[in-house]
Amino acid sequence: MSKTLYLECYSGISGDMTVAALLDLGADKDGLLKTLDELQVPGYEIKIGRTVKNGIDACDFDVILEDGHDHDHEHDHHHEHDHDHDHYHEHDHEHGHQHDDDHGHEHDHEHEHGHQHEHVHRNLDDVNEIIDRISGKEHVKELAKRIFDIVAEAEAKAHDLPKNEVHFHEVGAVDSIVDIVSAAYCIDDLGADNVIVSEIFEGSGHVHCQHGTLPVPVPAVMNIAQANGLPLHITDNDGEMVTPTGAAIAAAVRTGDRLPERYIVKASGIGAGKKDFEKANILRAMIIAPAEPEGTDDDEIWVLETNIDDCSGEAAGYTVEKLMASGARDAFIVPIYMKKNRPAVMIKVICTACDIEKLEDIIFADTSTIGIRKYPVSRRILRRKNITVSTIFGDVNVKVTEFNSKERYTPEAESVKEICERTGKGWQEVYSVIMSSLHN
């Protein structure tokens with residue numbers, strides 16, 4: 001069954017915020033730590049705990065490097081560490097040595113790796129070799145590599161270098177590898193096959209980094225947003241709210257940016273950022289599901305349509321089948337005549353808002369069209385339910401609709417078909433017997 005994850009980026013997004021929100025949502029912390037062990041990268045300690053942002057309780061994920069630096073990486077302009085990890089409880093995970101708490105906190109989770117922090121610059125091949133140390137979990141490795149590839153493309157453009165010549169500096173260091181692999185693991189563990197990302201709020205002004213003073217959004221973030229169509233919402237907050245890692249995660253996992261008109265929140269998690277703004281610096285992650293319409297209320301649905309004059313019947317038929325299998329409420333082909341009286345077809349799709357982008361991608365991939373019209377329409381929906389009715393042929397699925405306090409019964413065609421094929425009886429005879437059973 002399809003599962004939809006919604007990332008609400010109204011305070012920006014960074015790697016640590018994403019991991020914290022997904023852990024709070026329910027991603028397996030122990031499984032994550034085992035996966036990070038497989039990377040065999042020394043020189044860091046993980047702290048997972050709780051903190052408070054503007055009175056809101058949130059999960060906090062931090063990578064502390066053994067040279068005393070905390071999660072302040074990515075061109076030295078990552079969110080500042082504000083030491084607001086409250087109520088940690090010590091957890092011993094033997095991997096090297098036990099770390100003495102020199103920040104004055106009790107640790108909710110303390111996970112240590114090695115004794116030395118490696119001051120090295122890594123290129124994309126080096127990072128991919130580290131990711132490949134993970135056993136199994138092919139989707140985790142694939143997603144982590146894709147996130148790093150998006151960062152490499154952005155850095156290559158910013159510095160006018162071929163991608164394979166980019167050295168990641170801080171972005172390829174231990175903390176960013178941990179952030180990206182952790183985000184990929186959590187996404188995979190939650191089993192979300194649809195990820196909706198809101199518009200991403202970003203600050204303004206300038207930040208200082210190893211290259212000097214840069215405008216916000218910094219070039220890498222701007223390049224990622226441009227290359228991947230990420231919608232940025234610039235605010236008057238002074239400084240950076242979106243890091244290159246955060247932008248790359250959003251770009252790599254996003255399958256849509258439209259929420260259903262109405263939806264139910266099945267689960268939620270909150271991840272803390274390190275800075276403090278006037279508004280709570282948090283990333284909210286939610287598992288959502290469209291709310292089913294009830295009664296005869298008006299409901300909004302979307303129509304997608306495209307005219308094609310050079311599409312084979314085989315391709316059009318395959319496309320409609322694929323659209324139906326991918327969540328379309330209905331999909332069909334209408335014969336039309338286009339300019340110069342050419343015979344053509346219109347492929348028409350009825351769907352919910354959250355499925356628009358996915359279904360558009362199918363049409364573009366499987367037909368020769370270069371444009372799709374889309375528009376919302378309202379509809380009136382009758383109250384409906386499905387029941388099972390016992391007949392002399394066995395159980396039959398029946399759809400029941402209600403109008404003006406009266407019920408209408410319609411046997412499901414697939415049930416009628418199955419009985420006809422099994423018994424050799426005609427459709428009308430089977431249908432009549434089923435209807436008689438309904439009224440007895």
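Quick note: structure is the one above.
Quick caveat, the model's predicted, so the values are computed rather than measured.

**Here's the deal with the overall build of the chain**
Point 1. A tally of regular secondary structure across the chain gives eleven helices and 18 strands.
Point 2. Pairs at least 24 residues apart make up 69% of the contacts formed inside the chain by residues separated by at least 6 positions.
Point 3. Carbon and sulfur atoms provide 47% of the accessible area of the chain, an area that totals close to 21200 Å².

**Thoughts on the pattern of salt bridges**
Point 1. In the structure shown here, the tally under the stated rule is 20 salt bridges.
Point 2. Close ionic contact of E305 with K348 constitutes a salt bridge, the shortest N to O distance being 3.4 Å. Remark: K348 occurs in strand β14 (residues 343-351) and E305 occurs in strand β12 (residues 298-308); sequence separation between them is 43 residues.
Point 3. The closest approach of N and O atoms between E418 and R422, which form a salt bridge, is 2.8 Å. Residue E418 and its partner R422 are located together in helix α10 (residues 413-423), separated by four residues, close to a single helical turn.
Point 4. Of the residues examined, R422 reaches a relative accessible area of 47% and is grouped as partly exposed.
Point 5. Taken together, the shared-partner salt bridges connect D16, D60 and K274 into one network.

**Comments concerning the packing of aromatic side chains**
A ring pair, where both rings are aromatic, is described by two values, the distance of the centres and the angle of the planes.
Point 1. Using the criterion set out here, one finds one aromatic pair in the structure.
Point 2. The interplanar angle of 55° and the centroid separation of 5.2 Å between the aromatic rings of Y10 and F201 together place this pair among those described as tilted. With Y10 in the loop between β1 (4-8) and α1 (15-25) and F201 in strand β6 (residues 200-204), the pair connects residues that are 191 residues apart, well separated along the chain.
Point 3. For F201, a relative accessible area of 15% gives the class buried.

**Observations regarding the packing of helix α4 (residues 138-159) against helix α5 (residues 174-190)**
Point 1. The contact between α4 and α5 brings their axes to 8 Å, and the two run at 135°. Taken together, the axis directions place α4 and α5 in an arrangement best described as oblique. Where α4 crosses over α5, the two elements pack in a sense that is right-handed. Packed against α4, whose contacting residues are H139, V140, L143, A144, I147 and F148, the element α5 presents S176, I177, I180, V181, A184, Y185, I187 and D188 at the interface.
Point 2. Of the residues that constitute the contact of α4 with α5, the class distribution is eleven nonpolar, two polar and one charged.

**Some thoughts on helix α3 (residues 124-131)**
Point 1. Among the residues of α3, L124, V127, N128, I130 and I131 are the ones counted as buried. Looking straight down α3, one finds its buried side chains confined to an arc of 155°; they lie on one side. Within α3, the exposed residues directed more than 90 degrees away from the buried face are D125 and E129.
Point 2. Buried-residue contacts for α3 involve α4 and α5.

**Focus on unusual backbone geometry**
Point 1. Cis geometry marks the peptide bond from V216 to P217; its omega dihedral reads 0°.
Point 2. Here P217 is to be found in the loop between β8 (212-215) and α6 (219-228).
Point 3. Positive phi outside glycine occurs at N341, with the angle close to 55°.
Point 4. Among the residues examined, N341 registers a relative accessible area of 63% and is labelled exposed.
Point 5. The phi torsion at N404 lies on the positive side, around 50°, for a residue other than glycine.
Point 6. As for its placement among the helices and strands, N404 is situated in the loop between β17 (394-403) and β18 (406-411).
Point 7. Note on N404: relative accessible area 60%, which makes it exposed.

**Section: the sheet that holds β17**
Point 1. Pairing is antiparallel in the open sheet, where three strands are placed in the order β16-β17-β18. Two strands in the sheet have a free side with no partner beyond their single neighbour: β16 (383-391) and β18. The sheet shows a mean angle of 35° between the axes of neighbouring strands, taken without regard to direction.
Point 2. Packed onto the sheet, helix α11 (residues 427-438) meets β16, β17 and β18 and runs at close to 150° relative to β18.

**Here's the deal with the side chain of K53**
Point 1. Take K53: it is sitting in strand β2 (residues 44-53).
Point 2. What makes K53 buried here is its relative accessible area of 1%.
Point 3. Here D276 takes part through its side chain, which lies 2.9 Å from a polar atom of the side chain of K53.

Here is what the cut-offs are and how they apply
The written sequence of each chain sets the order in which its residues are numbered from 1. Given that this is a predicted model, residues contribute local features only at a pLDDT of at least 70 and side-chain atom pairs are listed and counted only at 80 or more, while totals for whole chains, interfaces and linings are drawn from all residues. As a rule here, side-chain values come from all non-hydrogen atoms in the structure, and water together with hydrogens is ignored. Numbering of helices and strands starts at the N terminus; helices are DSSP runs of H or I of at least 4 residues and strands are runs of E of at least 2. Any two residues having at least one pair of non-hydrogen atoms within 4.5 Å are treated as being in contact. Residue-level accessible areas treat just the shown protein chains as cover; the underlying method is Shrake-Rupley with a 1.4 Å probe. Salt bridge, as used here, is a side-chain nitrogen of Lys or Arg placed within 4 Å of a carboxyl oxygen of Asp or Glu. For the exposure calls, accessible area comes from a 1.4 Å probe over protein chains only, and a residue counts as buried if that area is under 20% of its type's maximum, exposed if over 50%, partly exposed in between. We call Phe, Tyr and Trp rings a pair once their centres come within 6.5 Å, taking the six-membered ring for Trp, and we label the pair stacked below 30 degrees between planes, edge-to-face above 60, and tilted otherwise. Working convention: axes come from line fits to C-alpha atoms, limited for helices to the stretch in contact. Angles between N-to-C directions cover 0 to 180 degrees. Should an angle fall under 35 degrees it is called roughly parallel, over 145 degrees roughly antiparallel, and 65 to 115 degrees roughly perpendicular, with every other angle called oblique. A crossing counts as left-handed when the near helix is turned anticlockwise from the far one by less than a right angle, and as right-handed when that turn is clockwise. Ten residue types, Ala, Val, Leu, Ile, Met, Phe, Trp, Tyr, Cys and Pro, are classed as nonpolar, four, Asp, Glu, Lys and Arg, as charged, and the remainder, Gly among them, as polar. This arc is built from the directions going out from the helix axis to the C-beta atoms. Think of it this way: DSSP has to see at least two bridges between two strands before they count as a pair. Polar contact is defined as a pair of N or O atoms within 3.5 Å, subject to the rule that within protein one atom must be able to donate a hydrogen and the other to accept it, and that residues adjacent in sequence are counted only when both atoms are side-chain atoms.

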